[in-house]
Amino acid sequence: MEKLLQTFKNLYSGENIVKRHWYIVLMIFLPSLAMAVVSFIDKDTPSFIVLSLLLVAVVVLILSIIPLLTMSGFSLDFYKSRYDSEIGLPDVTWATLPKGIKALPLYIVWTFYYVVFSLILYSIPISVFVYGLTQYKENIGIFIAVSVLAVMLFALMSIVIFLLTPFIGFVFIKYSQDFTYHKELFNPLAIIEYIKKSFKDTVVLTLKYVLVNLVISTVASIIISILGLFVIAYSLVMSMVSSADVYSLTFMSMLIIPTWILAVIQSYVVVIPGFAMADNLVEIYKKDIMEIE
């Protein structure tokens, strides 16, 4: 517990720390707006409003490319700073965005590997279910048993895929050492070596941060729910004092702003534990992987 607390404390230590956390807020500002806009779409929303909201969301997502790439470069700088045993968050400079752009091929390739691997694993429970459906649909007892097996396999595959994610992080930690490409960075078999060298420490760390995220998310959800009550009250007041229809663009625009603020808070609460876990991943990399290579 003391180690976890120290990790979070490090994120709020160093020079210009308030400004650097504001950088994070700014980088998630536009993506959070897209989330807020999409959240207003439901089955009761008139089609012309849905189209307008979708258009706004698409435009905002396109504009979000720059801050998301900047966040990518910022994350790589964070890996590098922790690799060099610095505390706090790195600064955002004119080089941050180019670093994110340069690393884009690496993100694309490993996302492809991850998707392919996930599809292969998920094909197992799907195949079991399809087999049960085609062979035992007349025998309810066996079909139910096969379906339960398929669900259990699906859950197991989901756990395997989830636990694989932090090992992919080692690829980007290695890249951030000198920000140059090496052929081994694109080798999907490299992940096997990372698993062999750091399986126990990485899995234990991942499970710890599952609990950390659960606690933080619960507290954040309570706070956001309380703030959400104010948003609801605000909505009711606006509906009474405004002459605009509740599904008009004018009225919905007045509601998007407070929802946007809640989305920014929610995104920030997700991002910070991610950096805390990345801090510990770098330590594992230096202890279990770098020293063995």
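From a predicted model like this one, the values you see are computed outputs, not experimental measurements.

## Here we look at the layout of surface pockets
- Its volume calculated, the largest pocket comes out at about 1,100 Å³.
- Lining of the largest pocket is provided by 34 residues; of these, Ser-75, Tyr-79, Tyr-107, Thr-165 and Gly-274 occupy positions nearest its centre.
- Elements that contribute at least two residues to the lining of the largest pocket include exactly helix H5 (65-83), helix H7 (104-135), helix H8 (140-175), helix H9 (190-241) and helix H10 (249-290).
- The leading source of residues in the lining of the largest pocket is H10, at 9 residues.
- Forming the walls of the second largest pocket are 10 residues, and the residues nearest its centre are Lys-3, Leu-4, Leu-205, Lys-208 and Asn-280.
- For the lining of the second largest pocket, the secondary structure elements donating two or more residues are helix H1 (2-11), H9 and H10.

## With respect to the side chain of Thr-202
- Assignment of secondary structure puts Thr-202 in helix H9.
- Here Ser-198 takes part through its backbone oxygen, which lies 2.8 Å from a polar atom of the side chain of Thr-202.
- In this view, Thr-202 contacts Pro-166, Phe-167, Phe-170, Leu-281 and Ile-284; residues no more than four positions away in its chain are not counted.

## Comments concerning unusual backbone geometry
- Here Ser-85, not a glycine, exhibits a phi torsion of approximately 65°, which is positive.
- Tracing the backbone shows Ser-85 in the loop between H5 and helix H6 (96-102).
- A residue is classified by how much of its surface remains accessible, and Ser-85, at 53% relative accessible area, is exposed.
- Unlike most non-glycine residues, Phe-179 shows phi in positive territory, near 55°.
- Mapping Phe-179 onto the fold places it in the loop between H8 and H9.

How each quantity is defined
- Residues numbered from 1 in each chain as written.
- Predicted model: local features only at pLDDT ≥ 70, side-chain atom pairs only at ≥ 80, totals over all residues.
- Heavy atoms only, no water.
- 1 Å grid on protein atoms, 1.4 Å probe; cavity = no way out; pocket = protein on both sides within 12 Å on 5 of 7 lines; lining within 4 Å.
- Points joined across faces, edges and corners; volume = space filled by probe spheres on them.
- Helix = DSSP H or I, 4+ residues; strand = E, 2+ residues; numbered from the N terminus.
- Polar contact = N/O pair within 3.5 Å; in protein donor to acceptor, adjacent residues only side chain to side chain.
- Contact = heavy atoms within 4.5 Å.
- Buried < 20%, exposed > 50% of the residue type's maximum accessible area, 1.4 Å probe, protein only.

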